[in-house]
Amino acid sequence: MSTTDTSDVTTDITTDTSDVTSEATTETSDVAETITETAVTITIDGRSVAVPEGATIGAACNAAGVNTPTLCWAENLTPVNVCRVCVVELEGSRALVPSCSRIAEQGMVIHTDTERVRHSRRMVLEFLGSSVDLSQTSDLHHWMDIYDADCDRYSEDDHDAKRVDEPVKIQDELYIRDYSKCVLCYKCVEACGDDAQHTFAIAVSGRGFDARISTEFDASLPDSACVYCGNCVAVCPTGALQFKTEYDLRQAEQWRPEDQTVTRTVCSYCGVGCNLELHVQDERIVKVTSPSDHSVTSGHLCIKGRFGWQYVHG
Amino acid sequence: MTDIYLSDERATDPEIAAVNAALSAAGADPADPVVILETDRLYTSGTARRRQRRHFLLPALHALQNTAGWISPGGVNYVAEMLGVPPAEIFGVASFYDLLHTEAPDHLDDVFHVCVDSPCRIEGANDLADRLRAEGKHVHLGPCLGQCERAPALFVQGCGGRPDYVPADSAATGATAKAATGATTAQASDSATTQAPDSASTKASTEQPFLLPQAPNKSLRLLRRIGVVDPCSLDSYIAHGGYTALHRAAEIGAEAVLESVAASGLSGRGGAAFPTGVKWRAVAAESAQPEQSEQPKRSKQSKHVVANCDESEPGTFKDRIVMQHDPFALIESMTIAALSTGATQGWIYIRGEYPLATTRLQNAIKSARAAGLLGTNIADTQHQFDIVVRRGAGAYICGEETALFNSLEGFRGEPRNKPPFPTTHGLFGEPTAINNPETLLNVIDIVNEGADAYRSRGTERSPGTKLFCVSGRIGHAGLYETPFGITLGELIDLAGGVTGSGQLQAVLMGGAAGSFVGPDSLGLPLTLEDTRAAGTTLGSGVVMVFDTSVDMTDVVVRIAEFFRHESCGQCVPCRVGAVRQHETLVQMQHRGRLSPQRRALIDDMAEVMADASICGLGHTAASAVRSALSLGLISQAPISPGLISQASIS
Ligand SMILES: Cc1cc2nc3c(=O)[nH]c(=O)nc-3n(C[C@H](O)[C@H](O)[C@H](O)COP(=O)(O)O)c2cc1C
Ligand code: SF4
Ligand code: SF4
Ligand code: SF4
Ligand code: FES
Ligand code: FES
C-alpha cells in the first residue's frame, strides 16, 4: 500500500467544509417539489428521501427503510458520535461520516452498503469485540454476523490482544459496574450529567485505551455524588451497568427475560407522573425501567421510582 | 457553598495559595462567587461555560501539580468550589494529561522528562535516562519535547513550587558540537533557558549556545530577527522593523489585509495547509454581535484569534525557536489577524513543555499592552484586542484545533466532530480563526511588502518560504528557512549531509503523522503540490533523517507506540486500532517477520482508522507505518532484544 492518502487526509483536518457539494442531483428534483420548504431531500442508496430540516442522515436512513447499527446514539441523549459503527459514505467527503449525528443537507448522496462502509463497520465491531465483553450487548451480534466480524483474529498463539480487564465493582445493593463490558459510549456520563440528572457523579477519565468511566479518584459510589437515580443503568447498552437484582440472577444463571412480564404503571411517590415499567420474573420485580419516549421522563427516573420497589419485597 | 458534592478531603494551605495565585494571574478573582450552570461537552454552551469560569481549570490544575506533585483529592475539592466544576469532571480532565498526576507521588523532587522519540532515541535517550537515574533523579520517558535539534532532549518539571525548566546541555552530544561555523549565536539576553514563571529576564546557569545553523542571510524572512533582536525588548523589536506591519494594516484597513492574505496564497503551516485567506474571510464574515436566536446559547458574543502553539508533532520545534527568540512577531501578527477578522479576544495555547517561550510571550504581551499595542484602541484604531496565554499539560492531541478549544475551555482534550467548523463554532462555540505561529508570521511580510512581492519567493502553488525542522542523522540539525521548492537533497546538503554511516536510508517527512520516503526522493521539490503528488506530505515541516545504520523497525514500532499513547480514546477506530497496530508491530519485531495475514491486518486497521476516526490523529496513525512497510524499511530478520522499545506506555 502506498501512502498517497496522507496529504489528502491531513488536508481534511480543516478543509472538508467544502467537501459536500450541496447541489441537488437531478434524480431527486421531482420529489423535492412535493415537499414543504423546511424539508431537505437526500439520496440514500439510490433512493431519494425527504426529511425535515435538522434531521440526521440516520433519521433519513430510517425513513428510507435502511437499518443502521448504532451503539453510542440514543433518542433521549445528545449525540456524541464516538463509536463510529453507524458510519456511511457521503459523496464528496474524504472520510466516512457518522449517520447518527451528521445533519442531512440538501442534495447529499449517501451510500450505506459500500465496501468501505462494510469494512469500517466490521472493523469497529471487531475492535470492540476484541477488547471488551460484548456478551450482553445483544443488538451488535446481529450486525457482527452481517459484516462477518472475526474478533479473534487479533490474538496469536503466543500473544493475546489487550483487553479491558477490570474487576466487577459491587459497592451497594442497587447496581453493579463491570467496566470490562464498557464500550465507552458516554451514555451514562451524559445521563448523569447534562442530558438528565445533572449530578455529574461520573466522567470519562484517563486517555486512549486506558480511558474509563470513573468517579473522582475512583471513589466508591456510596462515597461519590451519586444519588442512585439509576439513569446511567437505564441507558447502558452493554450490561456494564446492571441492576444488582439482574446481576445476581445472571450469576445464578436464573436471568430469564423470556419469562418476564412488563407492567406499565405510574410512579406513586410524588405528583410528577413518571411512567414505570415493572419487569416481573417469578412474581418478583427484577428491574424498573421507564419508556424513553415518554414525555415526562424521557426514560429517566429518580431513586424512588427506580429502586423504591425494593421495599415492596421488604 | 455549592450544590456540588465534595468528599471530606481538604486542600493544604500551599495548595490553596497556589490555586489562588494562579486564578488571579489568569484573571479570575478567587473571591468571586461561584456560578453553577449547566455544562455541555458539545459546542453549544460556549458563553454559559465561560461565565462559569471553567476555562480557569487548567491553570488551577497546573498550580496544584506544581505545588504538591499531584492533583490531590483535597486540591480537586478546592478547585471544584472555586470554579463550580464537579470533582468527577476535574478528575476526568486531570487524568487526561501527561504532566498532571492523579496518584500520590512518593517524592517531591522535580521530574526529568526524557524524550524517546526517534531523533532522541538514536542519539542516546536511554543512556541519558540511565545517567539521570544513576544521579538519583526521577525520570519519565515520554514523547517528543520539541527540542529535536538538540537530541536527546530533556525537560524538567518543577515540583514543590519550583519552576519548570529546560537545561541547556541535556545531552552529551550537545548542540554545540554540531553547530555549524558561522551560525547565528545567541545574544546575552537569549541565554536564559531557566525561567521563574514571572521573570522574563532571569538569567540562569543554562545557556543555549546557538540558535540557527544557517548564517544570517537575505533569504531569511521569518527567521531574520532570530538571534539579532532582543526577545525581551519591545524597543529592540521596533528597532528591527517590528510593528510596521500592524500600523500599515491599521492604515489600509481590514478589507485590504484580507485581500492581500488571500492574494498571497498563504496556506496553513500547522499541517493541514488550509488557505489562510479563506479562513480569515469566513471569520470576518461572522457577526460579532449576539444573534437573535431561539437558542440563546448559540448567540455570538465575541470572535477569537487563537495561536496554536501546542507544537507536539514528533520532530517539530520551529514554533519554539520563533516564540523564544522573536516573541513580539507572534503578538504583532495575531493583532493583525484580530484587526482583519474583527476578533477581540486572543489566546495563545502553548505546550506545557515550553517554559521559556511561555515567559517570553507573557513578557511581550505585557510590553505591548503598556505601549498601547494591545488593549483598547490598539495602534490608534477603534479596535480592541488582548491576548491570554494558556499552557497545555502534555497531550499531543491538544494540537488538533477542536481538542485545543476543549482543553482551553477546561474540558478533556477530545476533538469535536466537524462540521461545525471553528470559523463559526470555535472557542466557546464562537467564531474563531486558529492558526499556527509560522502561518501568522508570514502575514507580517505580506502586509509589509504586498502579496506580489511575497509571491516572488517559492512556487506558484506554494508561495513564500517554509521552515524546515531538520533532525536525526544530519550534520547540523536545526531550523532552516528556504523558499518552497528546494529539493530534499539540497536541504539535506544545506544541513551538512547525512551522518552516521553517511548513507541515507530514509527520511520521515511531516513527523509521526507523515510518511517515510527513500533515497530515490532526494530530487523531490519540497512544495505542497510536489509532496502531495509523491504521496507524502510536508506536514509541519519535519525532515527527519535516518542513515543506513539505524534500525528502522525500532523507529516504526516507536511511532506506533506514540499513537497508542496519544490517542484521546474517544472513538473506537483509533482507541483500539492504535493499540492493535502497535501490538502487531511489536509481535513482528519479536518474531522478525510479518506474515501475509498480519500484513493484511495492518492494512485493514489502517483503512478503518483513516476512514472512520473522528480526527486527524486517527486518520494519519497508520500512514508512517504503511509507508515504511511499502518502502521495505522494516527488517525481516529477528533483532536483538536490547533494541526493543523501552519507552513506557503509562
Ligand atoms: C493530532 C493533531 C495534532 C495537531 N497539532 C498541531 C500543532 O501542534 N500545531 C498546529 O499549528 N497545528 C496542529 N494541528 C493542526 C490543527 O488542527 C489546525 O489545522 C491548525 O492549527 C490550523 O492552523 P494553520 O491553518 O495555520 O495551519 C494538529 C492536527 C492534528 C490532527
Ligand atoms: S445512578 Fe444517577 S446519579 Fe448515580 S451515577 Fe448513575 S446517573 Fe449518576
Ligand atoms: S458504562 Fe455503559 S453506558 Fe457507560 S460508557 Fe460504558 S457502555 Fe456506555
Ligand atoms: S481519532 Fe483518536 S485522537 Fe481523534 S478523536 Fe478519535 S480517538 Fe481521539
Ligand atoms: S452511533 Fe453513530 S457514532 Fe455511535
Ligand atoms: S525532542 Fe526528541 S524527538 Fe523531538
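Source: prediction; values computed, not measured. (Residues numbered from 1 in each chain as written. Chains lettered and ligands numbered in written order. Predicted model: local features only at pLDDT ≥ 70, side-chain atom pairs only at ≥ 80, totals over all residues. Heavy atoms only, no water.)

### Concerning the pattern of salt bridges
Point 1. As enumerated under the stated definition, the model contains 54 salt bridges over all chains in all.
Point 2. Here Asp604(B) makes a salt bridge to Arg153(A), at a shortest N to O gap of 3.1 Å. Separated into two different chains, Asp604(B) in helix α22 (residues 596–612) and Arg153(A) in the loop between α5 (138–147) and β6 (175–177) make up a pair that spans both.
Point 3. A relative accessible area of 17% places Asp604(B) in the buried class.
Point 4. Taking the shortest distance from any N to any O, the salt bridge between Arg473(B) and Asp547(B) comes out at 2.9 Å. Placement of Arg473(B) in the loop between β8 (465–472) and β9 (478–483) and of Asp547(B) in strand β12 (residues 542–547) is noted, with a sequence separation of 74 residues between them. (Salt bridge = Lys/Arg side-chain N within 4 Å of Asp/Glu carboxyl O. Helix = DSSP H or I, 4+ residues; strand = E, 2+ residues; numbered from the N terminus. Buried < 20%, exposed > 50% of the residue type's maximum accessible area, 1.4 Å probe, protein only.)

### A closer look at the nonpolar core
Residue and element names in this part refer to chain B.
Point 1. Counting residues in each nonpolar core, the largest one holds 221 residues, and the members touching the most others are Tyr97, Ile331, Ile348, Phe516 and Phe563.
Point 2. Take this core: its biggest share by element is 9 residues, from helix α14 (residues 327–341).
Point 3. Membership of the second largest hydrophobic core comes to 19 residues, among which are Val470, Ile474, Tyr480 and Val517. (Core = buried A, V, L, I, M, F, W, Y, C linked by side-chain atoms within 4.5 Å.)

### Topic: α5(A)
Residues and elements named next belong to chain A.
Point 1. Here α5 has its buried residues at Leu140, Trp143, Met144 and Tyr147. The buried residues of α5 occupy one face: seen down the axis, they fall within an arc of 110 degrees. Opposite the packed face of α5, turned more than 90 degrees from it, sit the exposed residues Ser138 and Asp145.
Point 2. Lining the buried residues of α5 we find α4 (115–131).
Point 3. Looking one or two residues past α5, Asp148 carries a phi angle of roughly 65 degrees, positive in sign. (Arc of directions from axis to C-beta. Contact = heavy atoms within 4.5 Å.)

### Some points on the domain arrangement of chain A
All names here are of chain A.
Point 1. According to the domain assignment, chain A contains domain 1 (38–158) and domain 2 (169–313).
Point 2. Counting from both sides, the interface comprises 18 residues of domain 1 and, opposite them, 23 residues of domain 2.
Point 3. Counting the surface lost from both domain 1 and domain 2, the interface buries some 1600 Å², and carbon and sulfur atoms represent 56% of this.
Point 4. Counting the surface domain 1 buries against domain 2, the share from its top three residues, Asn76, Leu77 and Gln136, is 38%.
Point 5. The residue Lys181 makes a salt bridge to Asp133 at a minimum N-O spacing of 3.7 Å.
Point 6. Applying the counting criterion to the domain 1 and domain 2 interface returns 8 residue pairs in polar contact (both at pLDDT 80 or more).
Point 7. In the side of domain 1 that touches domain 2, the residues fall into 10 nonpolar, 6 polar and 2 charged. (Domains from an automatic or database assignment. Buried area = accessible area lost by both parts, 1.4 Å probe. Polar contact = N/O pair within 3.5 Å; in protein donor to acceptor, adjacent residues only side chain to side chain. Nonpolar A, V, L, I, M, F, W, Y, C, P; charged D, E, K, R; others polar.)

### What about the packing of aromatic side chains?
Point 1. With the rule as written, the count across this model stands at 14 aromatic pairs over all chains.
Point 2. With 5.6 Å between their ring centres and 90 degrees between their planes, Tyr237(B) and Tyr243(B) make a pair best called edge-to-face. Here the two residues Tyr237(B) and Tyr243(B) agree in accessibility, since each one is buried.
Point 3. Ring geometry for Tyr396(B) versus Phe563(B): centroids 6.5 Å apart, planes at 70 degrees, classification edge-to-face. Of this pair, Tyr396(B) sits in the loop between β6 (386–391) and α16 (401–408) while Phe563(B) sits in helix α20 (residues 552–566), and the two are 167 residues apart along the sequence.
Point 4. An aromatic cluster is defined as three or more aromatic residues linked by ring pairs; in this entry it consists of Phe217(A), Trp70(B) and Phe91(B).
Point 5. If you follow Arg207(A) out to its NZ or CZ, it ends over the ring of Phe96(B), 5.8 Å from the centre.
Point 6. Above the plane of the ring of Phe411(B) lies Arg54(B), whose end atom (NZ or CZ) is 3.9 Å from the centre. (Phe/Tyr/Trp six-rings, centres within 6.5 Å; stacked < 30°, edge-to-face > 60°. Lys NZ or Arg CZ within 6 Å of the ring centre and 35° of its normal.)

### Regarding the sheet that holds strand β5 (residues 109–111) of chain A
All names here are of chain A.
Point 1. Read across the open sheet, the 5 strands follow the order β2-β1-β5-β3-β4; overall the sheet is mixed. Every other strand in the sheet has two partners, leaving β2 (47–52) and β4 (97–98) as the edge strands with one partner each.
Point 2. Relative to β4, strand β3 (residues 87–90) is paired through 2 bridges, and the arrangement is antiparallel. Residue pairing for β4: Val87 is matched across the bridge by Pro98.
Point 3. Packed onto the sheet, α4 meets β3 and β5 and runs at close to 155 degrees relative to β3. (Pairing = 2+ DSSP bridges. Axes fitted to C-alpha atoms, helices over the stretch in contact; angles between N-to-C directions.)

### Some details on the site of ligand 1
Point 1. Near ligand 1, the surroundings consist of 20 residues, among which Gly270(B), Asn308(B), Asn435(B), Asn436(B) and Thr439(B) are the closest.
Point 2. Of the chains in the model, those with residues near ligand 1 are chains A and B.
Point 3. Between ligand 1 and Thr439(B) there is a distance of 2.7 Å, counted from an oxygen atom to a side-chain nitrogen or oxygen.
Point 4. Isolated, ligand 1 exposes 600 Å² of accessible area, and the fraction of that covered by the protein chains is 96%. (Near = heavy atom within 4 Å. Areas by Shrake-Rupley, 256 points an atom, 1.4 Å probe, with all protein chains shown as cover.)

### Quick look at a negative patch on the surface
Point 1. Residues Asp145(A), Asp148(A), Asp150(A) and Asp152(A) make up a contiguous surface patch of negative charge.
Point 2. Secondary-structure assignment places Asp150(A) in the loop between α5 and β6. (Patch = residues over 30% accessible without salt bridge, like charges linked within 9 Å, V, L, I, M, F, W, Y side chains within 5 Å. Lys, Arg positive; Asp, Glu negative; His and termini not counted. Charge placed at Lys NZ, Arg CZ, Asp CG, Glu CD.)

### A look at the pairing of strand β4 (residues 304–309) of chain B
Residue and element names in this part refer to chain B.
Point 1. For β4, a buried count of 6 out of 6 residues is recorded, marking the element as mostly surrounded by other parts of the structure.
Point 2. Side chains of β4 alternate between two faces, with His304, Val306 and Asn308 and Val305, Ala307 and Cys309 buried alike.
Point 3. Pairing between β4 and strand β5 (residues 345–350): 6 bridges, direction parallel. In the strand pairing of β5, Val305 is matched with Gly346.
Point 4. Of the strand pairs in this sheet, β4 and strand β7 (residues 432–435) are connected by 4 bridges, and their pairing is parallel. Across the sheet, Val306 pairs through a bridge with Ile434, a residue of β7.

### Details of the interface of chain B and chain A
Point 1. Each partner contributes to the interface: chain B provides 81 residues, whereas chain A provides 75 residues.
Point 2. Of the roughly 6400 Å² buried between chain B and chain A, counting both surfaces, carbon and sulfur atoms make up 57%.
Point 3. For chain B, the biggest contributors to the area lost against chain A are Arg532(B), Arg580(B) and Asp611(B); these three give 10% of the whole.
Point 4. Where chain B packs against chain A, one counts 7 salt bridges.
Point 5. Its salt-bridge partner being Arg116(A), residue Asp611(B) comes within 2.7 Å of it at the nearest N-O pair.
Point 6. Secondary structure elements with two or more residues in the side of chain B that touches chain A: α4 (73–83), α5 (87–94), α20, α21 (572–591), α22, α23 (616–620) and α24 (623–630) of chain B.
Point 7. Per-element tally for the side of chain B that touches chain A: the top contributor is α22(B), with 11 residues.
Point 8. Across the side of chain B that touches chain A, the residue classes break down as 30 nonpolar, 27 polar and 24 charged.

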